[in-house]
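Chain and residue survey
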Amino acid sequence: MATLSQYAKVIRSKNAGPFELTFDIMFDSREAYETIRRSGIITARLIARIYGISHNEVLVCRSYDPALSFKITIRRPVSSDDIGESDVYGCQQHVPLTAIEIPDT
Amino acid sequence: MKQLTGLAPSGSLGSGFNLPAFRSALDSGPDFIGQDAGSTDMGPYYLGTATPFLPRASYKHDLGLMLDAAREREIPLLVGSCLTSGTRPQLDLAVDIVTELARERKHSFTMAVIDAELDKGFLKRRLGDGGIESLGPDEDLTPDLIDRCPHIVAQMGVEPFVHALDAGADVIVAGRACDDAVFAAVPVMNGFDKGLSLHMGKILECAGLSAIPCDLAEPLVGRIERDGFLVWPGHPDHRCTSLSVAGHSLYERGDPGIQPGPGGINDLDHATYREVDRRTVRVTGSRFIPDPDYRVKLEGAELAGFRSIVIVGVRDPVLIGQIDGLLQEMRERADTRFADCEPGAFRIDFHVYGKNAVMRHLEPSTDVAPHEIGILINVVASTQDLASEVSMYVRGSLQHASYPGIIATAGNLAYPFSPFSVPVGPAYRFAVYHLLPLKDPCECFPMTLVQV
């Protein structure tokens, strides 16, 4: 089975303000983007399971056609730089997304 | 006016930028230069202490190049979120640098200084009017919370910039500002569509991050027209593509289509991105939808305490296998040893590098067996002395702790250097991140004109 990183060109995470983390999954071909979009695999439920958070903490999970992208935004478990937090920019939280398994079509 | 051209030298003031590319960008005849000079991204420390992220000389270097270019062409220079968090002391530093540069390089101009640090009395009086909404903190905005934050800033929209330009400013040095507003002000003032102007501002604020190769230190040019805008990089060999520009529209935003800001939402769901030549993209369809209320975002950081850290390494597999339990034991020992301190006087955090230090709560891989780990002992306490004392106690306890199966009884920790405990200074946390309704978009952003 293939993983998302074999389809996507960019998979990244970053702060969207100090209280949210946002993830971008970007494709460089419409075909790859449409394959993932049509598979319906990227859902708030999946994101919650991957990161071990509640469904309610996934604030946004949607596709954005103009950029051939998916956008996911979650509430940060701890705000940027508060005690218990280790990634001030939030830019190293993306890795579990790369391993999302994509069923063969 | 059919079109207006804006130039963003770099995505972050003080990081330097590519000079030949800046010169080529200047050849396209910009009508203004805009520069973002701050963010909350680097953490609450800068907002709490009102100190800049970079050394003064780094800002002076970049500002000197921009000021020379702007004055030579007699076009406005707009700098927002000076210098890092947009507080008054950081704004004063920017004013000091610009004034010094003008004197050294014999420029004279009208400078507008726009303050974004809120008067606490004003803010407390506004509490009674209601309508203040948290964008993250659990705590409501109260007089007590306001007093706990040394500096509270509001993010200005385009209006205070337009007000300064109307008043004849050649150079605008502003406190905390929306990144896009720095670039949207001149277009909005000249009657260009607000949705397109803000969207172009969103693309320009990070400069070369919207291009290929993606580089914050590469200049970017935007040209707004009546029904769209163009963007291209200053560097002749770099390119903007429909995907690089559309992709940047998502960057650091919670939702790609619905982007809220002061006074309304910028709707990018119907935006189109089209490559008009090898390196230029034309964007259309962005649409600003005004809110009934004009609201600005407030930012404030409160003192969390004083931090001391110890960095150590562990190579022993028997110890690594039991590290979680052992660290919990160290917390309990410290609680007993410092039982006479007030509750909450110190907090101990362990960042176990090699295990789950980077993702912490979000880490799905929990069954790893690293051959070595690094432990950052991070103590935040009510005083610097207490933080150092607790951090040294914890590392001393861990150094000589016994555990089942121990084979090395001479010590558990490898220190990369001495001294072991490093006092880091004050630690802050973001505590104010709320929306405040305004009666007038300029009411908490007083502007001063200075003849330089």
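In case you missed it, the structure is sitting above this.
Residues numbered from 1 in each chain as written. Chains lettered and ligands numbered in written order. Predicted model: local features only at pLDDT ≥ 70, side-chain atom pairs only at ≥ 80, totals over all residues. Heavy atoms only, no water.

All names here are of chain B. The sheet built from three strands is open, its strands ordered 10-11-14 with antiparallel pairing. Both outer strands of the open sheet, strand 10 (258-261) and strand 14 (287-290), are each paired with one neighbouring strand and no more. Between one strand axis and the next, the sheet turns by 25 degrees as a mean value, whatever way the strands run. Of the strand pairs in this sheet, strand 11 (residues 264-267) and strand 14 are connected by four bridges, and their pairing is antiparallel. Along strand 14, the bridge assignment pairs Asp267 with Arg287. The strands touched by helix 9 (residues 194-204) within the sheet are strand 10, strand 11 and strand 14, with strand 14 carrying the most contacts at an inclination of about 115 degrees. (Pairing = 2+ DSSP bridges. Helix = DSSP H or I, 4+ residues; strand = E, 2+ residues; numbered from the N terminus. Axes fitted to C-alpha atoms, helices over the stretch in contact; angles between N-to-C directions. Contact = heavy atoms within 4.5 Å.)

Turning our eyes to something else, we now look at helix 4 (residues 88-105) of chain B. All names here are of chain B. Under the 1.5 Å per step criterion, the end-to-end length of helix 4 is 25 Å for 18 residues, consistent within 8% with the ideal 26 Å. Gln90, Leu91, Leu93, Ala94, Val95, Ile97, Val98, Glu100, Leu101 and Ala102 are the residues of helix 4 that are buried. Elements in contact with the buried residues of helix 4: helix 2 (45-49), helix 3 (56-73), strand 3 (77-84), strand 4 (110-114) and strand 7 (171-174). Directly beyond the C-terminal end of helix 4, a positive phi value near 60 degrees is found at Lys106. (Expected span 1.5 Å × (residues − 1). Buried < 20%, exposed > 50% of the residue type's maximum accessible area, 1.4 Å probe, protein only.)

Right, let's talk about the interface of chain B and chain A for a bit. It is common to give the size of an interface as the accessible area that goes away when the parts come together. The partner chain A presents 44 residues to the 41 residues of chain B that form the contact. Buried surface at the junction of chain B and chain A, summed over both partners, amounts to about 3,500 Å²; 59% is from carbon and sulfur atoms. At the boundary of chain B with chain A, the tally comes to five salt bridges. Put simply, chain B and chain A have 20 residue pairs in polar contact (both at pLDDT 80 or more) between them. Counted by class, the side of chain B that touches chain A contains 22 nonpolar, nine polar and 10 charged residues. (Buried area = accessible area lost by both parts, 1.4 Å probe. Salt bridge = Lys/Arg side-chain N within 4 Å of Asp/Glu carboxyl O. Polar contact = N/O pair within 3.5 Å; in protein donor to acceptor, adjacent residues only side chain to side chain. Nonpolar A, V, L, I, M, F, W, Y, C, P; charged D, E, K, R; others polar.)

Turning to the sheet that holds strand 4 (residues 58-64) of chain A, a few remarks are in order. Residues and elements named next belong to chain A. If you walk across this open sheet you meet the four strands as 2-3-5-4, and the pairing is antiparallel. Of all strands in the sheet, those with a lone pairing partner are strand 2 (10-15) and strand 4, marking the two edges. Put simply, the sheet's adjacent strands are angled 10 degrees from each other on average, direction ignored. For strand 3 (residues 20-26) and strand 5 (residues 69-75), the ladder comprises seven bridges, and the chain directions are antiparallel. Bridging across to strand 5, Leu21 finds its partner in Ile74. With respect to the sheet, helix 1 (residues 30-39) is in contact with strand 4 and strand 5, its orientation differing from that of strand 5 by roughly 50 degrees. Its contacts with the sheet put helix 2 (residues 44-51) on strand 3, strand 4 and strand 5, and the angle it makes with strand 4 is roughly 125 degrees.

The subject of this paragraph is the nonpolar core. Residues and elements named next belong to chain B. Grouped together as the largest cluster of nonpolar side chains are 67 residues, with contacts concentrated most on Leu78, Phe161, Ile172, Leu298 and Phe445. If you tally residues by element for this core, the top one is helix 8 (residues 179-189), at six residues. The residues contacting Leu78, other than those within four sequence positions of it, are Phe32, Ile33, Gly34, Gln35, Phe161, Leu165, Ile172, Val182, Ala185 and Val186. The next biggest cluster of nonpolar side chains, apart from the first, holds 35 residues, and it includes Leu7, Ala25, Ala37 and Val79. (Core = buried A, V, L, I, M, F, W, Y, C linked by side-chain atoms within 4.5 Å.)

Residues and elements named next belong to chain B. Relative to each other, helix 9 and helix 10 (residues 242-250) sit at 95 degrees, their axes nearing to 9 Å. With respect to each other, helix 9 and helix 10 are oriented roughly perpendicular. Facing His199, Lys202 and Ile203 of helix 9, the residues of helix 10 in contact are Val245, His248 and Ser249. Considering only residue class, the contact of helix 9 with helix 10 consists of two nonpolar, three polar and one charged. (Parallel < 35°, antiparallel > 145°, perpendicular 65-115°, else oblique.)

Taken as a whole, the second largest pocket holds about 410 Å³ of empty space. Forming the boundary of the second largest pocket are 19 residues, of which Val10(A), Met26(A), Ile212(B), Leu243(B) and Ser244(B) lie nearest the centre. Of all the elements in the fold, those that place two or more residues in the lining of the second largest pocket are strand 2 of chain A together with helix 10 of chain B. Tallied by class, the residues present in the lining of the second largest pocket amount to 11 nonpolar, five polar and three charged. (1 Å grid on protein atoms, 1.4 Å probe; cavity = no way out; pocket = protein on both sides within 12 Å on 5 of 7 lines; lining within 4 Å. Points joined across faces, edges and corners; volume = space filled by probe spheres on them.)

Let us look at empty space enclosed by the protein. Residues and elements named next belong to chain B. Overall, the coordinates contain three cavities of 30 Å³ or more when judged by the stated rule. Here the largest cavity defines a volume of roughly 90 Å³. Among the residues forming the lining of the largest cavity, the class breakdown is five nonpolar, four polar and four charged. Taken as a whole, the second largest cavity holds about 40 Å³ of empty space. Lining the second largest cavity, in full, are Ser39, Thr40, Met42, Gly43, Tyr46, Leu47, Thr84, Ser85 and Glu299. Considering only residue class, the lining of the second largest cavity consists of three nonpolar, five polar and one charged.

Let us now look at the side chain of Ser69(A). Examined against the element boundaries, Ser69(A) turns out to sit in strand 5. Polar side-chain contacts of Ser69(A) include one of 2.7 Å to the backbone oxygen of Ala67(A). With sequence-adjacent residues up to four places away left out, Ser69(A) is seen in contact with Ile25(A), Met26(A), Tyr33(A), Arg62(A), Ser63(A), Tyr64(A) and Leu250(B).

Glancing now at the pairing of strand 9 (residues 228-233) of chain B. Residues and elements named next belong to chain B. Here strand 9 lies mainly inside the structure; six of its six residues are buried. The two faces of strand 9 match: Gly228, Leu230 and Trp232 on one face and Phe229, Val231 and Pro233 on the other face are all buried. Where strand 8 (residues 220-225) hands over to strand 9, the hairpin turn is made up of two residues, counted between the paired strands. In terms of strand pairing, strand 9 meets strand 13 (residues 280-284) through three bridges, oriented antiparallel. Within the sheet, the bridge partner assigned to Val231 lies in strand 13 and is Val281.

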